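Chain by chain, the residues run as shown.
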Amino acid sequence: MSNISRDDVANLAKLARIDLSEDELAGLAKELSVILDAVARVQEVAGEDVPPTSHPLPLVNVFREDVVRPSLTPQEALSGAPEQEEQRFKVPQILGEE
Amino acid sequence: MINKSAVEMAEALSKGEITSVELTKAHLKQIGEVDEQVHAFLHVDTQGALEQASQVDAKRSAGEKMPALAGVPLALKDVLVQKGIPTTCGSKMLEGWRPPYDSTIVRKLKENGIVILGKTNMDEFAMGSSTENSAYGPTKNPWDLTRIPGGSGGGSSASLASFQAPLAIGTDTGGSIRQPAAVTGTVGVKPTYGGVSRYGLVAFSSSLDQAGPCARTVLDAAYLHEAIAGHDPLDSTSINAPVPAVVAAAKDGNVKGMKIGVIKELQGDGYQAGVLKLFNESLEILASLGAEIVEVSCKYFDYALAAYYLIAPSECSSNLARFDAMRYGIRSGQGSAEEVMNSTRQIGFGREVKRRIILGTYALSSGYYDAYYGSAQKVRTLISRDFESAFKLADVLVSPTAPTTAFKIGEKSNDPIAMYLNDIATIPTNLAGIGGMSLPSGLAAEDGLPAGFQIMAPAMKDDLMYKVGAALEVELNTKWQGPILNSAPKLGAK
């Protein structure tokens, strides 16, 4: 039986960059425990000898020629930005004061 | 005219019996009359559609050679970007966003003269099986407005079933084209992974996501399939090989001598009796047409749902990191970039999306990675092997598309596991990257609602699904004395 606590969810939410309300934390802790119990059965059949599949196609690297091709203008690329300044995305402070 | 197939509309257009502007106006009128009840569309682009239609008409009257579907209208799932047209993915996160470019699918639709009517409703970021997870309210099933139209592409399926569009585009990560088709009495195809470009498709789970055609007939789906498929240098996972000849296969529709494998694990417990009865009747029809029905076993399919609900949330937790309130979408909150991100993602994402991001973050976190995500990837290998063995015994594999007919809106929204079970028969094909089609198998005896028949084919042999689907469709339409949607209740202006 998986037992995901409120604090476990709070830590995951921090990693995933989502603020969650107390209601959401409590609800998700309960739901996650149930879901993890249901999906944990993948471990029953995953033997050492079975290679993992990460992707359905056996692709390695796909390259293109390094040539200039049409792309978005700066105005187009910035058209959806919440804030912009001098042809750049304007973002809130990233580094601390120290 | 709006009740005709897309191919019939295309014929009328090429004979000059109707113009694309007239045809587009007829569909816009239907949208105006019924979509208040159905809520299939999130955005209707009246002006853009009419402009596109008049361009097609002008080219046709100038004597230009026109593509097969030129002038026929289409509904586009709101997960594909179209330049200048609001694209929300059913999420508050992207409210008001207008993409600066066209997805490859949209570019191909425009090149083919297919008229884009608007964007259809969906579960937020394609996560769901009922379209109830849309931030803009649920879509209703035209067969019964108290029931779900399937999901995540419920807007696309409902638009077809209510004659608001003859063609639609869907995307299928675990069944989001096929299960909505099944519960609305329409046709939906998930092509082989890599068969249709993902460029401009907002990613949910990149190794599973595949866009494909939705229609009311198998032949209509085939024409749309050929219009959107093919190699795209802008999608490094797009397959560089000729598109399977699906139109020719749909026209051929000959199953004599084909081996059709019934998957033992995709029936029985959990499947509605009426759905299974219709499935078996379809098998009898295929046998009567000269196909050989064999039973195959795919013993690891019992683990497919569990593997899917680790792999898809894991990939989504990574993919949805792009919604960071910095480059597009909404921004909320004060303080540092991190605080703004945290706050924006709290109000921008709905409940199911948060649930999956948190689940995926857990499955990928150190200490749990091997046990969850790693094990799920191994199950994925076992499922592909199951398919490989089964395709040695049969040309195509079949099952019911969804275990039940459409359920009531609200019935399963508080039980994630019950909701996830809808996809039990569609998920294995996504994990293996092969193609799957759903077409109507009839109306279930218990509730009079449509059920779906699923056909699965090996990678890049999508034509085989169309061959079998077309053969079955002809016989079923004869039995029903016309397309199944003729039996759907008439919606209209109040």
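Moving on, we come to the overall build of chain B. Summing up its helical and strand segments, chain B has 16 helices and eleven strands in all. Its C-alpha atoms give chain B principal-axis dimensions of about 65 × 50 × 45 Å. In chain B, which comprises 494 residues, the share counted as buried stands at 63%. In chain B, the proportion of contacts linking residues at least 24 apart, taken out of those at least 6 apart, comes to 76%.

Further remarks concern the interface of chain A and chain B. Each side of the interface is counted separately: chain A has 45 residues, and chain B has 54 residues. When residues of the side of chain A that touches chain B are traced back to their parent elements, those giving at least two are α1 (6-15), α2 (22-39), α3 (42-45) and α4 (74-77) of chain A. When its residues are assigned to classes, the side of chain A that touches chain B shows 31 nonpolar, seven polar and seven charged.

All names here are of chain B. Across the sheet, which stays open at both edges, the eleven strands sit in the order β1-β3-β2-β4-β6-β5-β10-β11-β9-β7-β8 with mixed pairing between neighbours. What marks the edges here is a single partner per strand, and that holds for β1 (41-44) and β8 (292-296). The average undirected angle you get between the axes of adjacent strands in this sheet is 30°. Bridge analysis of β1 against strand β3 (residues 115-120) gives three bridges, and the strand direction is antiparallel. Residue pairing for β3: His 43 is matched across the bridge by Lys 119.

A few words on the environment of Leu160(B). Residue and element names in this part refer to chain B. The topology assignment puts Leu 160 in helix α5 (residues 154-161). Sequence separation of Leu 160 and Thr 184 is 24 residues, and the distance between their C-alpha atoms is 8.5 Å. In this structure Leu 160 touches Ala 165, Ala 168, Thr 184, Thr 186, Cys 214, Ala 215 and Arg 216, once residues within four positions along its chain are discounted.

All names here are of chain B. Neither face of strand β5 (residues 187-190) is left uncovered, since the one carrying Val 187 and Val 189 and the one carrying Gly 188 and Lys 190 both have all their residues buried. As paired strands, β5 and strand β6 (residues 210-215) are joined by two bridges and run antiparallel to one another. What sits directly across from Val 187, in β6, is Ala 215. Where β5 meets strand β10 (residues 435-443), three bridges bridge the pair, whose relative direction is antiparallel. The residue of β10 that forms the bridge with Lys 190 is Gly 436.

Residues and elements named next belong to chain B. One can describe the packing of helix α10 (residues 304-319) onto helix α12 (residues 351-364) by two numbers: an axis separation of 7 Å at closest approach and a directional angle of 100°. Comparing the axis directions of α10 and α12 gives the class roughly perpendicular. Contact with α10, carried on its side by Leu 310, Pro 313, Ser 314, Cys 316 and Ser 317, involves Arg 356, Ile 357, Leu 359, Gly 360, Thr 361, Ala 363 and Leu 364 of α12 and no other residues of that element. Counted by class, the contact of α10 with α12 contains seven nonpolar, four polar and one charged residues.

Ranked by size, the top nonpolar core spans 173 residues in total, and within it Leu74(B), Ala307(B), Leu310(B), Ile358(B), Val396(B) and Val468(B) carry the most contacts. If you tally residues by element for this core, the top one is α10(B), at ten residues. Ignoring any residue separated from it by four or fewer positions in sequence, one finds Ile358(B) in contact with Val9(A), Leu12(A), Ala13(A), Ala16(A), Leu28(A) and Leu32(A). In this structure, Ala325(B), Met326(B), Val340(B) and Met341(B) belong to the second largest nonpolar core, which totals five residues.

Thresholds, definitions, all that
Along every chain, residues carry numbers that run from 1 in the direction the sequence is written. Written order decides the labels, with chains lettered from A and ligands numbered from 1. With pLDDT at 70 or above as the cut-off, local features in this predicted model cover only qualifying residues; side-chain atom pairs require 80 or more to be listed or tallied, and sums for whole chains, interfaces and linings still use all residues. Only runs of H or I of at least four residues qualify as helices and only runs of E of at least two qualify as strands under DSSP, and these elements are numbered from the N terminus. Each residue is classed by its C-beta neighbour count within 10 Å, where at least 20 other C-beta atoms makes it buried, 12 or fewer makes it exposed, and intermediate counts make it partly exposed; the C-beta atoms are placed from backbone geometry. Two residues qualify as being in contact provided that their C-beta atoms, derived from the backbone, are within 7 Å of each other. Each residue is assigned to one of three groups, with Ala, Val, Leu, Ile, Met, Phe, Trp, Tyr, Cys and Pro labelled nonpolar, Asp, Glu, Lys and Arg labelled charged, and all others, Gly among them, labelled polar. Any two strands with at least two DSSP bridges between them are considered paired. Here an axis means a line fitted to C-alpha atoms, over the contact stretch when the element is a helix, while the angle between two N-to-C directions is reported on a 0 to 180 degree scale. Any angle that falls under 35 degrees is termed roughly parallel, while one over 145 is termed roughly antiparallel, one within 65 to 115 roughly perpendicular, and all others oblique. Throughout this description, the term nonpolar core refers to a group of buried Ala, Val, Leu, Ile, Met, Phe, Trp, Tyr and Cys residues whose C-beta atoms join them within 7 Å.

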